[in-house]
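# Structural overview for review
The chain contents come next:
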Amino acid sequence: MIAKVVEKASSILVERDNEIKLILASLLARGHILLEGVPGVAKTYTAKTVASLLSLSFKRIQMTPDLLPSDVTGGFVYDQKTGEFKLRKGPIFTNILLVDEINRASPRTQSALLEAMQERQVTIEGVTMPLEEPFMVIATQNPIEFEGVFPLPEAQLDRFIARVPVGYPSTKGFIEILRRADEIEEAIANLTPMVSREDVLNAIKEASRVRVEDSLYEYIARIVEESRRHPAVKLGGSPRAGIAIVRLAKAWAYIEGRGYVIPDDVKAVAIPALAHRIILNPEYEVEGVKPEAVIKEILGRVPVPRP
Amino acid sequence: MLRAFALSLLLLLPMASVPVASSSQPNAVDVLENRHTPGFPGILNITSIGDLLSVSSPDVRKALEKLLQCNTLECIEEDEFTANILKSILHNSTGVDITRLRALSDSRLLDMIDDSGIRSLLESLNRTGNVGPLEVDRLVNELESARSKGSISPQAYMAALELLRRILERSGNPQGEVIERRQVEAIREALVEASRRGLLSELLERISGLYRESQRWNSSFNSQRGVFAVESPKVGFELPSVSPSILVLILLASLATIALFSSQRLGVLIAGMARWRKGEDAEFRDIPLIPRLYWSGVRLVERVGGARMDASTTHREFLARIEGKVGELERPFKGLTLSYELYRYAGLSGRDVEEQALRYYEDLEKASRVRGS
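Residues numbered from 1 in each chain as written. Chains lettered and ligands numbered in written order. Predicted model: local features only at pLDDT ≥ 70, side-chain atom pairs only at ≥ 80, totals over all residues.

Here we take up the overall build of chain A. Regarding its fold elements, chain A presents 13 helices and 11 strands. Per-residue burial for chain A yields a buried fraction of 42% across its 307 residues. Taking the intrachain contacts of chain A between residues at least 6 apart in sequence as the baseline, contacts between residues at least 24 apart amount to 78%. (Helix = DSSP H or I, 4+ residues; strand = E, 2+ residues; numbered from the N terminus. Buried ≥ 20, exposed ≤ 12 C-beta atoms within 10 Å, placed from the backbone. Contact = placed C-beta atoms within 7 Å.)

Another point: the overall build of chain B. Summing up its helical and strand segments, chain B has 19 helices and 3 strands in all. Per-residue burial for chain B yields a buried fraction of 35% across its 373 residues. Long-range pairs, those at least 24 residues apart, make up 66% of the contacts in chain B with a sequence separation of at least 6.

Quick look at the environment of A:Val149 now. Residue and element names in this part refer to chain A. Relative to the helices and strands, Val 149 is located in the loop between β8 (136–141) and α6 (154–157). Classification of Val 149 as partly exposed rests on a count of 18 C-beta atoms within 10 Å. Separated by 45 residues in the primary sequence, Val 149 and Arg 104 have C-alpha atoms spaced 4.6 Å apart. Sequence-distant contacts of Val 149, that is, excluding residues within four places in its chain, are made with Asn 103 and Arg 104.

In this section: the interface of chain A and chain B. Contacts between chain A and chain B engage 16 residues on the former and 14 residues on the latter. With 3 residues, the top contributor of residues to the side of chain A that touches chain B is helix α11 (residues 263–274) of chain A. Considered class by class, the residues forming the side of chain A that touches chain B number 9 nonpolar, 2 polar and 5 charged. (Nonpolar A, V, L, I, M, F, W, Y, C, P; charged D, E, K, R; others polar.)

Turning our eyes to something else, we now look at the nonpolar core. Buried together is how nonpolar side chains tend to be arranged in soluble globular proteins. Counting 90 residues, the largest nonpolar core has A:Ile245 and A:Leu248 as the members making the most contacts within it. Top contributing element to this core by residue count: helix α10 (residues 239–255) of chain A, with 11 residues. Built from parts of two domains, this core gets at least three residues from each of domain 1 (2–188) and domain 2 (209–299) of chain A. Leaving out residues up to four positions away in the same chain, A:Leu248 has contacts with A:Ala25, A:Ala29, A:Ile161, A:Ala162, A:Val269 and A:Ala273. Counting residues in hydrophobic clusters, the runner-up holds 24 residues, among them B:Leu125, B:Leu139, B:Ile152 and B:Tyr157. (Core = buried A, V, L, I, M, F, W, Y, C linked by C-beta atoms within 7 Å. Domains from an automatic or database assignment.)

We now examine the packing of helix α1 (residues 2–12) of chain A against helix α2 (residues 17–28) of chain A. All names here are of chain A. Between α1 and α2, the shortest axis-to-axis distance is 9 Å and the interhelical angle comes to 145°. The element α1 and its partner α2 pack so that their crossing is right-handed. Together, Ile 2, Val 5, Val 6, Ala 9 and Ser 10 of α1 and Asp 17, Ile 20, Lys 21 and Leu 24 of α2 make up the contact between the two elements. (Axes fitted to C-alpha atoms, helices over the stretch in contact; angles between N-to-C directions. Left-handed = near helix turned anticlockwise from the far one by under 90°.)

On to helix α9 (residues 214–229) of chain A. All names here are of chain A. In a regular helix each residue adds 1.5 Å, so 16 residues correspond to 22 Å; α9 covers 23 Å between its end C-alpha atoms and thus fits that length. Here α9 has its buried residues at Leu 216, Tyr 219, Ile 220, Ile 223, Val 224 and Ser 227. Seen end-on, α9 carries its buried residues on one side only, within an arc spanning 130°. α9 presents Asp 214, Glu 218 and Arg 229 as exposed residues on the side facing more than 90 degrees away from its buried surface. Each element contacted by the buried residues of α9 is listed here: β10 (233–235), α10, α11 and α13 (291–299). (Expected span 1.5 Å × (residues − 1). Arc of directions from axis to C-beta.)

Let us look at unusual backbone geometry. Residues and elements named next belong to chain A. Omega for the bond connecting Glu 133 with Pro 134 falls within 30 degrees of zero, at -5°, which places this linkage in the cis form. Tracing the backbone shows Pro 134 in the loop between β7 (127–130) and β8. Despite not being glycine, Glu 15 shows a phi value in the positive range, around 55°. One can find Glu 15 in the loop between α1 and α2. Residues other than glycine seldom take positive phi values, yet Glu 101 does so here, at roughly 50°. For Glu 101, a count of 19 C-beta atoms within 10 Å translates into the label partly exposed.

All names here are of chain A. If you trace the backbone, Glu 36 turns up in strand β1 (residues 33–36). Look at Glu 36 and you get buried, because 22 C-beta atoms sit within 10 Å. Sequence separation of Glu 36 and Glu 101 is 65 residues, and the distance between their C-alpha atoms is 9.2 Å. When sequence neighbours within four positions are dropped, the list of residues in contact with Glu 36 reads Gln 141, Pro 143, Arg 163, Val 164, Pro 165 and Val 166.

Residues and elements named next belong to chain A. Here 5 strands make up an open sheet; going across it, the order is β2-β5-β8-β1-β9 and the pairing parallel. Looking at strand neighbours, the two that pair on one side only are β2 (58–62) and β9 (162–165), the edges of this open sheet. Each neighbouring strand pair of the sheet contributes to a mean axis angle of 15°, computed without reference to strand direction. The pairing of strand β5 (residues 96–100) with β8 spans 4 bridges and is parallel. Each bridged residue has a counterpart across the sheet, and for Ile 96 the counterpart in β8 is Met 136. Contacting β1, β2, β5 and β8, helix α3 (residues 43–53) runs over the sheet at an angle of about 170° to β5. (Pairing = 2+ DSSP bridges.)

Moving on, we get to the confidence of the model for chain B. Should the pLDDT be low somewhere, the predicted coordinates at that spot are not to be read in detail. Residue and element names in this part refer to chain B. Overall, the predicted model of chain B reaches an average pLDDT of 66, with 54% of residues at or above 70. When mean pLDDT is taken per element in chain B, helix α18 (residues 330–344) scores highest with 92 and strand β2 (residues 226–230) scores lowest with 32. Considering only residues more than four positions removed or in separate chains, one finds that residues 1–56, a stretch of pLDDT under 50, has 112 contacts. The model gives residues 200–240 a pLDDT under 50, and that stretch makes 78 contacts with residues more than four places away or in other chains. (pLDDT = per-residue confidence, 0-100.)

Now for the pairing of strand β6 (residues 121–124) of chain A. Residues and elements named next belong to chain A. For β6 and β7, the ladder comprises 4 bridges, and the chain directions are antiparallel. Bridging from a neighbouring strand, Ile 124 pairs with Val 127 of β7. Hairpin geometry of β6 and β7 is characterised by an intervening segment of 2 residues between the two adjacent antiparallel strands and by a positive phi of about 50° at Glu 125.

This is how it looks when you write it as structure tokens:
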């Protein structure tokens, strides 16, 4: 079922297969995803397309510096007719929340959102309300802008199970986008859900039951540990990073139609799951070394389970 | 099989005879180095233990494996490329040119035999055509005895075997096949012997004091030595008969080797050797059938496809890497990879899975044989 969603979304969006799969894998792993890229590379379109194919409630918030936490979570408002305070739920009460340009929101609003992401519940005026499952935040951010933005601190980035850099398409893909731009827009607008909420919940359950052979845990642990030992790295992956890799790898295997994880799944998700949790030493950062390159180098060195 | 071959070299090492340079070739190590054939980084380059461990040229490995599998010269010559490599190795390491021997006339072969007794026996057999089992046994015994005493050169020995094979073949004697097998055995032994000498030279060079000592002692052995005259290239190897002095030398060499154990370079070499032995031997031993079949399959495909599966490569990455490069081997290897994946990561086991993997492996071997021939 989920594979069909991938197929359909990939047929609409050009060269976004990996991003689509990672969004769905994050959903199945009960995580949140951060899409990072310059403006105009279809970050929002990708998120919208996936969300539209799932029969889940979907809301979108455009972050701005003046947005308040209550604009995200909601709050109690006075009802003149009844003379009571009534809860007006914010956009966070949804299954899939698209948070556009998350780094434009003030730190206060960001932390309110990120707390809800972690706890999967919202507390308003002392009243705690759980968020309906499944719950996933798809956030986007532009890494280039520095004016009027509040970059997410590392501790908050850690709340995202994966960060996916969304790059420019290839020339061939670009030409296809130019040719099909109107058609793509129309197709996204007319999308109908393919998978029900129950199906998604079942898929989440099944993905959590995907088999992970013991040696693969060791393999993942070694990758994360190597990220801490790497000379270019100031702060490496935490145990949470390892857990994220395991969960994403299981979901990735499930999307691929397998009931078991293989080392290739680990490799496929290691960069999105680890790169945003790593802080490089300034001297390497200045030289233009990217965390993705460091993880890639580690993956090319850590032995896969044998025999 | 190659492993067994290489291991036998290592095991033979302590028992190896000491090479002594002839008066015309004072430095045996230089001579050995000059015998290397550029472009063949295999057995000819084995002058150190480290080199022995790095016989990694797929072509040379393939050629050596072919040699170990074959019982007839035709089998060796089946694959022209393999045969050429083998011929070159053999020619450069022992001076024996098997192709030339096969092409020579009977009389030329007789001329090459430097042992008069054996020559006359062969002449008599060739003339009369009387080749009963007793005559053949007698000749073979004479030949082996001369060889063990060193009174016959490798070329002469091979020439005698070739002539005997022809005589037996002409008379329809089935012992011809046995002689041919003996020829192949002799080729193997010649290669082993050549490599063994190279290794010992290396060790002796390291124990330089002892090596110089051995050169000094050389003169005293000249009177009792057996000479292996090699035609091309002109290399003289002299194998002294075993004497107490030799035993003392070997003992001293062994002691010095142990002393050098702590030196970094030799330590690294020996550690490498241990790793190799452990790795190569233990690689397929004590592991369940399906992984064993898979890893054997990987080695096979590596040889054919030229791609290496390094430690960080996954089974699927390796499969993708060899795609379109190994021809008929691809399909069974794909099946074998899937069997391995299901066994290793999906936890599938049982007779059916094993039988399936075995079938894939057999198909893979068949395909590799077809490709090899």
